[in-house]
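# Inside the fold
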Amino acid sequence: MALKLSEKPRILLVGGGYVGLIVAQQLQKKVKAAGGIVTLVDPLPYMTYQPFLPEIVGGHIEARHALVSHRRHLKDTEVITGKVTSVDHEAKIAMVALDGGTSVEVPYQDIVMGAGANTRTFPIEGLAEHGIGLKTIEEAVSLRNKILERLESASTMTDEAAKRRALSFVVVGGGFAGIETIAEMEDIIRDAVKHNPRLSQSDVRLVLVEAMGRIMPEVGEDQAVGVVEHLRGRGVEVLLNTSLSSAVDGELVLISMKDKSEVDRFEADTLVWTAGVAANAVARSSSFPVDERGRITASATLQIISEEGDVIPGAWTAGDIAAVPDLTGAGPGGFCVPNAQHALRQAKLLAKNLFSVRYGNGEIKEYKHDSLGAVAGLGTYKGVGNPMGIKLKGVFAWAAHRGYHGYAMPTLERKLRVVGGWANEFVFGRDIAEVRNLDTPRKAFFEAAGGNKKKAATKS
């Protein structure tokens, strides 16, 4: 049976993250009233508010509260849970792969390429098998549980080498994501160790690896240096001008970026990779031009442009997948940096411009946004930032971080759930409960049903 699709003129949104969700929210009712339909396609049925992933690792909020359900909050949008595999803009058709292996052609009138970015990795031997990223809610939950499981398991180990491996935690990447992640890891580890008399904080090794000579390019150098000193004061080894060379079988080899000599070699069960992002691969599988970094080329009006710089009618883009000119001149290479601050604001302007071109008077505006600064949480009551050009650290930066992201979290329902989680933590403390066997949820039932005995009998 064929997938039932609306026959109305369609605005197709490729990607249900920041851009897709906000554009759908802004347009769904107006387009419906004008006789059209907004269709959103994403492999996941929800949007993930990625700035909250380190908070999930730190046990401050529930994982589901950092998600926004497409179906619950986009009631006038046609939602397709699937993956866009190709786009033929000349024919105005997108090919969508659905669960179960089938595919469907989705015709459209206008298209918005807003599929965001994926984790950028390098061909490091052992990384794919041993590492974990921090771009998805599943990764954040898995990392939190692994940290707590390694601590608990290490507390009963008698083999000192195995214990050192279990209690070694490494984060590669010194941008905002990496710094917030290792700070939250240190915070929850310290809290969990306090509750386990068989462990000591001195047993734990935390290492941050950064290939550049400094961390956090979003803040001033003096603040970045201050964060390094702060982390080192908490027992984190911060290794600058250093990169990961190998991770085979959990043995990490770190080398100097200056002379490629070996800096350190040790075993670790937990390796987190936060060293940058790359535009979603759907950009290259579309018929739209891309730049050398794989981003779709765009004008400041958020319309997709050809290699000659001409606007391609009916084609729009924004967010991490797009090379949008930064008219303030502050962006590296002249383009907006890939972050939530730009994606959210670009999405709102894109929705206005698209509606004006398709259903209005045709007047459009260019995207220009002076950065409000950046704030990072470094664990409970700790942070750093420069909002509105004001340098903050400690509890004031932490409060600014939570205030901004609590405000930026889409939908009132989700905001209240997040704030409720913070309130619960304030009253009852951090939740350090560990959930095991998430990867093998049938394990208990399998054993109860005699699965192991049947397996053994079959082998004999």
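Scanning the protein for helices and strands turns up 14 helices and 25 strands. Taking 23 Å as the expected radius of gyration for a compact globule of 460 residues, we find that the protein reaches 24 Å, a close match to that expectation. C-alpha extents for the protein along the principal axes are approximately 70 × 65 × 50 Å. Going through the 460 residues of the protein one by one, you find that 52% of them count as buried. In the protein, of all internal contacts separated by at least 6 residues, the share reaching a separation of at least 24 is 67%. Accessible surface for the protein amounts to roughly 21900 Å². Of this, 54% is attributable to carbon and sulfur atoms. Of the side-chain charges in the protein, 54 are positive and 54 negative, and the distance between the mean point of each set is 6 Å.

A separate point is the side chain of histidine 130. With respect to the helices and strands, histidine 130 occurs in helix H4 (residues 127–130). Non-local contacts of histidine 130, meaning those with residues more than four positions away in its chain, are made with Arg165, Ala247, Gly250, Leu252, Ala268, Asp269, Thr270 and Leu271.

A word on unusual backbone geometry. If you check the backbone angles, aspartate 249 has positive phi at about 55° while not being a glycine. With a relative accessible area of 66%, aspartate 249 lands in the exposed category. Of note, threonine 411 is a non-glycine position whose phi angle comes to about 75°, a positive value. In this fold, threonine 411 is placed in the loop between helix H11 (395–408) and helix H12 (412–428). Since its relative accessible area comes to 16%, threonine 411 is described here as buried.

Packing of helix H5 (residues 137–154) against helix H7 (residues 176–194) leaves a shortest axis separation of 11 Å and a crossing angle of 40°. The two elements H5 and H7 meet at a crossing, and its hand is right-handed. Note on element contacts: H7 touches H5 through Thr181, Met185, Ile188, Ile189, Ala192 and Val193, opposite Leu143, Arg144, Ile147, Leu148 and Leu151. Here the residues of the contact of H5 with H7 sort into nine nonpolar, one polar and one charged.

Let us look at H12. For an α-helix, 3.6 residues make a turn, and residues three or four places apart therefore share a direction. Taking 1.5 Å per residue, 17 residues should reach 24 Å; H12 reaches 24 Å between its end C-alpha atoms and fits that length. Residues of H12 that are buried include every one of Glu413, Arg414, Val418, Gly421, Trp422 and Glu425, and no others. Lining the buried residues of H12 we find helix H2 (53–57), strand S4 (67–69), helix H3 (70–73) and H11. Phi turns positive, to about 90°, at glycine 429, one or two residues after H12.

Another aspect to go through is a positive patch on the surface. Together, Lys30, Lys348, Lys352 and Lys365 make up a region of like positive charge exposed at the surface. Locating lysine 348 in the fold gives a position in helix H10 (residues 340–359).

Thresholds, definitions, all that
- Residues numbered from 1 in each chain as written.
- Predicted model: local features only at pLDDT ≥ 70, side-chain atom pairs only at ≥ 80, totals over all residues.
- Heavy atoms only, no water.
- Helix = DSSP H or I, 4+ residues; strand = E, 2+ residues; numbered from the N terminus.
- Rg over C-alpha atoms; globule rule 2.2 N^0.38 Å.
- Buried < 20%, exposed > 50% of the residue type's maximum accessible area, 1.4 Å probe, protein only.
- Contact = heavy atoms within 4.5 Å.
- Areas by Shrake-Rupley, 256 points an atom, 1.4 Å probe, with all protein chains shown as cover.
- Lys, Arg positive; Asp, Glu negative; His and termini not counted.
- Charge placed at Lys NZ, Arg CZ, Asp CG, Glu CD.
- Axes fitted to C-alpha atoms, helices over the stretch in contact; angles between N-to-C directions.
- Left-handed = near helix turned anticlockwise from the far one by under 90°.
- Nonpolar A, V, L, I, M, F, W, Y, C, P; charged D, E, K, R; others polar.
- Expected span 1.5 Å × (residues − 1).
- Patch = residues over 30% accessible without salt bridge, like charges linked within 9 Å, V, L, I, M, F, W, Y side chains within 5 Å.
- Salt bridge = Lys/Arg side-chain N within 4 Å of Asp/Glu carboxyl O.

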